[in-house]
Amino acid sequence: MEPMKKYATSLPVLGSLPICNCQSPIGRNFLESLPPCLDLLSNTRFLNRQTAIGNRQWPRILVALLVSLVWLQQPAIVGAQTPPEEIPKPPVSTSAPTVPIPQSQITTDQAASAPAESQVTYGLQGVLVESLDGKTVAAQSAEENFNPASAIKLATALVALKSFGPQHRFTTGIWITGTFDKVTGTLTGNLYISGRDPSFHYEHGVMIARQLNTLGIRTVTGNLVVAPGFTMNFNWSARRSGEQLYDTFDSTLRPGEASRAWLYERTALGDHASLQTVPSVAVMGEVEVNPVAADARLVLSQKSSKLVDILKVLLCYSNNFMAERLGDSVGGLQSVRRQLTNSLGLSSSEFMISSLSGLGVNRVSPRTMMKIFRALREELRKNKLSTTDIMPVAGIDPGTLQDRFTGPAWRASVIAKTGTLIRTDGGVSSLVGQMKTAGGETLLFVIMNRQGSVLRFRLNQDYLVMQIQNSRGGPKAFDYKPHLLAMKLADIQSLPSAGDEYEPALKGPVTSP
């Protein structure tokens, strides 16, 4: 805690919040070492219940609770427990503040409904805040392992970028067997689909139908055969994905959702020419799941959007399916674990993961998570990209951070990945990313919580970030020009066959799953 004590000497006190008379050894020691400018951490009254039970501190905890009840009856505190009056929202400003924000304006829309003064947040917390040059700004249980939940997707994204490169496109191959009658537009044979595009969706299926129509194919007498690794609409089942593609190809069977997705994408792209006709390929046979036949001929290749754009959608919406599929493409769980432990110099106990999406029980400390985030930033920098190119920008991008840091002063001042598990580990919430202050300083942060209310954890995370920003002059927005996320996955390329190679090789060695 020594870095926190040094930090406290140079920052102003931002407010006087009541501190819990916590009697557990860990709680007492932590409260005594807190810097005044971060008194929110003390206000949250984090109680290490496991340590208290292990040391048989129940009698002391009961005494503390009785003292707290008496203390709460004091007039000054009773007033704090009454429902707060609605805090007027600050006026909209086109420029970020250059002076510290008054304490009354620190609370944004989400924090206004549950101000820190009237909330008691129980649970376990790990915090690490650093400057770009690696100096510690604040730390709490930074070496203790927590469940990062979906924040582990940052690790998956890092390995994908290192393995493929940001410009990589996943390729879906369209193959045929048999004979083709150009006069009737009939293929007497089977239609094969191969590929492992994690972003393949309805609109991409309609585009294949359109391209097949361009080649003259309108009817297939045989079967639609999808390769075992093919998936569509974030569905793990190759057969179910094949059935959805079967219906999507045929305009008479096409679901309304598929038609709407196609219309929305083409309209967003301004491609009105594609909407002049209705793409349709009728398959007379059944759906099979089998490898591409040895005598099949590749007639069309459809390349997905760039990996950097897929990652933007994946991280904004925290799509578990896309994360797991992307992880499979780079060799699976063991490969990701091995690559990260080797490249970052981690021990097996520092990086314990059971999934690449964040589901289930994973264990990473704030310190390790900071190493992963720094490595991701460096990989982006080497490719002349920034965190805004793949991560959610709070209050701007749709998805997990759309409704956080929405106040005019804080909008776009935080770039971060969330993590949430309602039941696992008694409730898990994490926030990993970077914040910007009025002086132009960028601070990197990792906040992890478990064993408590996810909603209150989020409020605490937001308030902590805002309080740190305010202690350094207030927030400032990152330079960011938002783009419609639907456009990110619409940048597909459909190309006539130029050979039998339909999946580009990886940049580095990867072990097959």
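What you see as residue numbers is a count from 1 along each chain, following the sequence as written. Per-residue local features of the predicted model are confined to residues with pLDDT of at least 70, and side-chain atom pairs are confined, for both listing and counting, to 80 or more; whole-chain, interface and lining totals are unaffected and use all residues. Side-chain measures here rest on the full set of heavy atoms in the structure, leaving out hydrogens and waters.

1. Notes on the overall build of the chain
Secondary structure summary: the chain contains 17 helices and 17 strands in total. Buried, partly exposed and exposed residues are distinguished by accessible area as a fraction of the type maximum, computed with a 1.4 Å probe on protein chains only: under 20%, between the cut-offs, and over 50%, respectively. Across the 513 residues that make up the chain, the buried fraction comes to 54%. Between two residues, a contact is recorded if the distance between any of their heavy atoms is within 4.5 Å. Considering only intrachain contacts with a sequence separation of at least 6, the fraction spanning at least 24 residues in the chain is 76%. Exposure was quantified through the Shrake-Rupley algorithm and a 1.4 Å probe, taking into account, for residues, occlusion by the shown protein chains and nothing else. Accessible surface, the chain as shown: approximately 21,900 Å² in total, 55% of it carbon and sulfur. Helix numbers and strand numbers start at the N terminus; a helix is a DSSP run of H or I with at least 4 residues, a strand a run of E with at least 2.

2. Topic: the sheet that holds strand β7 (residues 219-220)
Strand pairing requires that DSSP identify at least two bridges connecting the strands. Taken together, four strands build an open sheet; the order of strands is β4-β5-β7-β9 and the sheet is mixed. Of all strands in the sheet, those bounded by a partner on one side alone are β4 (179-181) and β9 (282-283). In this sheet, strand β5 (residues 186-188) lies alongside β4 in antiparallel orientation, the contact comprising three bridges. Bridge pairing links Thr179 to Thr188 in β5.

3. Here we look at the packing of helix α8 (residues 153-164) against helix α14 (residues 333-344)
Where helices are involved, their axes are fitted lines through C-alpha atoms of the stretch in contact, as for all axes, and angles between N-to-C directions lie from 0 to 180°. Where α8 meets α14, the closest approach of the two axes is 10 Å, and the angle between their N-to-C directions is 85 degrees. The orientation of α8 relative to α14 falls into the category roughly perpendicular. For the pair α8 and α14, the contacting residues are Ala155, Leu158, Val159 and Ser163 in the first and Val336, Gln339 and Leu340 in the second. An angle below 35 degrees is treated as roughly parallel, one above 145 as roughly antiparallel, one from 65 to 115 as roughly perpendicular, and anything else as oblique.

4. Quick look at the pattern of salt bridges
Within this document, salt bridges are pairs made up of a side-chain nitrogen of Lys or Arg and a carboxyl oxygen of Asp or Glu, the two lying within 4 Å of each other. Across all of its chains, the model carries 14 salt bridges by this definition. Residue Arg266 pairs with Asp271 through a salt bridge whose shortest N-O separation is 2.8 Å. Accessibility expressed as a relative area gives 5% for Arg266, which makes it buried. For Lys312, the salt bridge goes to Asp397, with nearest N and O atoms at 2.8 Å. Here Lys312, found in helix α12 (residues 307-317), pairs with Asp397, found in the loop between α15 (366-382) and β14 (414-421); they are 85 residues apart in sequence, far enough to count as distant. We classify Lys312 as buried; its relative accessible area is 1%.

5. Some details on the sheet that holds strand β1 (residues 124-131)
Here we have five strands laid out as an open sheet, ordered β2-β1-β16-β15-β14, and antiparallel in their pairing. In this open sheet, the two strands that pair with only one neighbour each are β2 (136-140) and β14. For this sheet, the mean angle separating the axes of adjacent strands, direction not counted, is 5 degrees. Sheet topology places β14 next to strand β15 (residues 428-436); eight bridges connect them, and they run antiparallel. Residue Thr418 lies in a different strand from β15, and its bridge partner there is Leu431. Docked against the sheet, α15 engages β1, β2, β15 and β16 (442-450), running at close to 140 degrees with respect to β16.

6. Focus on the nonpolar core
Take the buried Ala, Val, Leu, Ile, Met, Phe, Trp, Tyr and Cys residues and link them wherever side-chain atoms come within 4.5 Å; each set so joined is a nonpolar core. Counting 50 residues, the largest nonpolar core has Leu154, Leu307, Leu311, Phe351, Met369 and Ile390 as its most contacted members. Only β1, α8, α12, α13 (320-329), α14, α15 and β16 provide two or more residues apiece to this core. Apart from residues lying up to four places away in sequence, Ile390 is in contact with Leu161, Val308, Leu311, Lys312, Leu315, Leu376 and Leu380. Tyr202, Ile208, Val226 and Leu300 belong to the second-largest nonpolar core, a separate cluster that totals 26 residues.

7. Re the packing of aromatic side chains
A pair of Phe, Tyr and Trp rings is counted when the ring centres sit within 6.5 Å of each other, with Trp represented by its six-membered ring. The angle between the planes then sorts it: under 30 degrees is stacked, over 60 is edge-to-face, the rest tilted. Inspection of every chain in the model, using the stated rule, returns four aromatic pairs. On the basis of an interplanar angle of 70 degrees and a centroid distance of 5.2 Å, the ring pair of Phe200 and Phe230 is categorised as edge-to-face. Separated by 30 residues along the polypeptide, Phe200 in the loop between β6 (191-194) and α9 (202-214) and Phe230 in the loop between β8 (224-226) and α10 (238-249) bring together distant segments of the chain. Assessed through its relative accessible area of 2%, Phe200 is described here as buried. The class for Phe230 is buried, based on a relative accessible area of 1%. The ring of Phe146 carries Arg450 above its face, with NZ or CZ at 5.3 Å from the centroid. By definition, being over a ring means that NZ of Lys or CZ of Arg is both within 6 Å of the ring centre and within 35 degrees of the ring normal.

8. Observations regarding the pairing of strand β11 (residues 297-306)
Across the 10 residues that make up β11, a large majority, seven, are buried. One ladder, built from seven bridges, connects strand β3 (residues 169-176) with β11; its direction is antiparallel. Looking across to β11, one finds that Ile174 is bridged to Leu300.

9. Some words on the pairing of β2
With four of five residues buried, β2 lies mostly within the body of the structure. Pairing geometry for β1 and β2, over four bridges, is antiparallel. Among the inter-strand pairings, Glu130 is bridged to a residue of β2, identified as Thr136. Linkage of β1 to β2, two consecutive antiparallel strands, is achieved through a turn of four residues, within which Gly134 is found at a positive phi near 95 degrees.

10. Side note on the side chain of Thr231
Along the chain, Thr231 falls in the loop between β8 and α10. In this structure the side chain of Thr231 is engaged in a polar contact, spanning 3.4 Å, whose partner is the side chain of Arg325. The contacts of Thr231, once residues within four sequence positions are left out, are Asp197, Phe200, Trp236, Ser241, Phe321 and Arg325. In the analysis that follows, any N or O atom pair within 3.5 Å is treated as a polar contact, provided that within protein one partner can donate a hydrogen and the other can accept it, and provided that, for residues neighboring in sequence, both atoms belong to side chains.

11. Remarks on the environment of Leu124
Looking at the secondary structure, you find Leu124 in strand β1. Remark: the alpha-carbon pair of Leu124 and Asn449, spanning 325 residues in sequence, is separated by 5.6 Å.

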